[in-house]
Amino acid sequence: MLHPSKTPKILLLLLLIWHPSLFALTLSLNDVLNAALEKHRQTNNPSRSQTQIEQPANSWLASPPSVSLLYLHNQQSFAAKEAEVSLNLAIKSRLQREIDQQLRSSVPLIQQHALQQQALFLSGLIRSTIWEYKLQYVLIKQAEQKLTILTKLLNHYEQFSKAGNSPAYLTLLVKQETMQSRIALLEHQNQAQTLLADYYALTGIVDLPDDINETDKHLSLTNVNQHPDIQALDASWQLYTAQLQESSHQSRPWNVSVNAKQIETIGIKENQIGLGIEVPLSMGNKHTQSQYSAFTAAQSQYYLERDKLVQQIQQSINSAKAQLGLSNQRQSLLDQALAITLQLQPTLENLLASNTADQEWIMRRTLEIVDIQAQFATNQVNLHRNMATLNQAVGKSL
């Protein structure tokens, strides 16, 4: 049953999934993640419903009760006849009841870890898709700007070529650059459309979040043990050890039997009622050799998988930090380069208009200014993208 405070939020997400074109709402990254989670749940709900089993009731019985019937008939004349009915009950031991309680409390914890892992996985897909689209969008705008500059250069050189003031090969060079820029523009546009389709398939909504930038407010949580994948692995190991304890000799149930017996001999019937108790005695080893061997193998595998996972997470964090630091260093240099282009651009425009010698050099320098502006814009995207990658590496969902 849904909590009343969560109902409006879920209804909003369902409306966004079913009718994305009818709403112009302010979306956050968390809204997008919730929409992706809801879409994923709806997609996988039929298959999940086929494999679910009911939560067992909290019972003091270790197994279902059993009934045994016994009838003895002596073949001798005037011999006794016996009929016996037994009700057998397997009562959980104190240790088994404690383990059951531990297992019962671990279920919501395991479900929570699974949901956190799923949220982190979908967050990674969303981050990757959104930032790649943002990069392609910037590259599209830069390609369009470059084509505008090339069109002006082409018109300029065509006019000067007709007047005999510039060589014809300059016009051909500009046309060649124009074709390359158009090809690049088409590729970026196609990639952007593909990414939008992937985004819709992932989230079920069309609009991108209004603010996709992430901060470093979570980076203080650098303890690898807090990563959802590590926590899920640890929870699985704790579940395994609890199940192993449940199979130990100490957790064997007590067997209680209620007996009703009737003895008939020489016309006389005798009815008897009895109570039997079987209590296991824990002596010697708690586990069998098979259980010990299985535990040793599972423990070695757990430690190995955990060490590998810790190393992978730490490497991802270090790589994301290095990329973020590189982007910051590049930004410092690009700030200086952009300042130089702002000073150089008016001079190049004057040289171009005056039709001085070495027009090809002027053309190359003009296009270099456009390229530097493109590098500046793409690095701005990479700065925020690397921050999102670092949040993903430390295990923070959207």
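Scroll up for the structure.
Small disclaimer: the values here were computed from a predicted structure and weren't measured.

**Student:** Would you mind going over the overall build of the protein chain with me for this structure?
**Tutor:** From N to C terminus, the protein chain includes 7 helices and 4 strands. When the helices and strands of the protein chain are read in sequence order from the N terminus, they spell out α-α-β-β-α-α-α-β-β-α-α. Here the protein chain holds 398 residues, and 34% of them are scored as buried. Here the contacts in the protein chain between residues at least 6 apart in sequence split such that 78% fall between residues at least 24 apart. Per element, the accessible surface of the protein chain, about 24600 Å² overall, is 56% carbon and sulfur.

**Student:** Whenever I open this one, helix 5 (residues 228-246) confuses me. Can you help?
**Tutor:** Structurally, the α-helix is built with 3.6 residues per turn, so residues lying three or four positions apart point the same way. Along its 19 residues, helix 5 runs 27 Å from first to last C-alpha, staying within 8% of the 27 Å computed at 1.5 Å per residue. All of the buried residues along helix 5 are Pro-228, Ile-230, Ala-232, Asp-234, Ala-235, Trp-237, Ala-242 and Leu-244.

**Student:** I tried to follow the nonpolar core on my own but got confused; where do I start?
**Tutor:** Nonpolar side chains in soluble globular proteins generally cluster together in the buried interior. The biggest cluster of nonpolar side chains holds 21 residues, and the ones touching the most others in it are Leu-33, Leu-122, Ile-126 and Ile-130. A total of 7 residues in this core trace back to one element, the largest contributor, which is helix 3 (residues 94-162). Excluding residues that lie within four positions of it along the chain, Leu-33 makes contacts with Ala-119, Leu-122, Ser-123, Ile-126, Ser-397 and Leu-398. In terms of nonpolar packing, the next biggest core, distinct from the first, is built from 16 residues, Tyr-133, Ala-143, Ala-192 and Leu-367 among them.

**Student:** Explain the pattern of salt bridges here, please?
**Tutor:** Between side chains of opposite charge, pairing is possible as soon as their charged atoms come close. This model, assessed by the stated rule, comprises 8 salt bridges. In this structure, Glu-214 engages Arg-127 in a salt bridge whose closest nitrogen and oxygen atoms are separated by 2.9 Å. Note that Glu-214 is positioned in the loop between helix 4 (168-203) and helix 5 and Arg-127 in helix 3, a separation of 87 residues in sequence. Taking the relative accessible area as the measure of exposure, Glu-214 reaches 14% and is therefore buried. Between Arg-385 and Glu-132 there is a salt bridge, with the nearest N and O atoms lying 2.9 Å from each other. Highlighted residues: Arg-385 in helix 7 (residues 359-393) and Glu-132 in helix 3, separated in sequence by 253 residues. The class of Glu-132 is buried, set by a relative accessible area of 19%.

Reading guide: rules and limits
- Residues numbered from 1 in each chain as written.
- Predicted model: local features only at pLDDT ≥ 70, side-chain atom pairs only at ≥ 80, totals over all residues.
- Heavy atoms only, no water.
- Helix = DSSP H or I, 4+ residues; strand = E, 2+ residues; numbered from the N terminus.
- Buried < 20%, exposed > 50% of the residue type's maximum accessible area, 1.4 Å probe, protein only.
- Contact = heavy atoms within 4.5 Å.
- Areas by Shrake-Rupley, 256 points an atom, 1.4 Å probe, with all protein chains shown as cover.
- Expected span 1.5 Å × (residues − 1).
- Core = buried A, V, L, I, M, F, W, Y, C linked by side-chain atoms within 4.5 Å.
- Salt bridge = Lys/Arg side-chain N within 4 Å of Asp/Glu carboxyl O.

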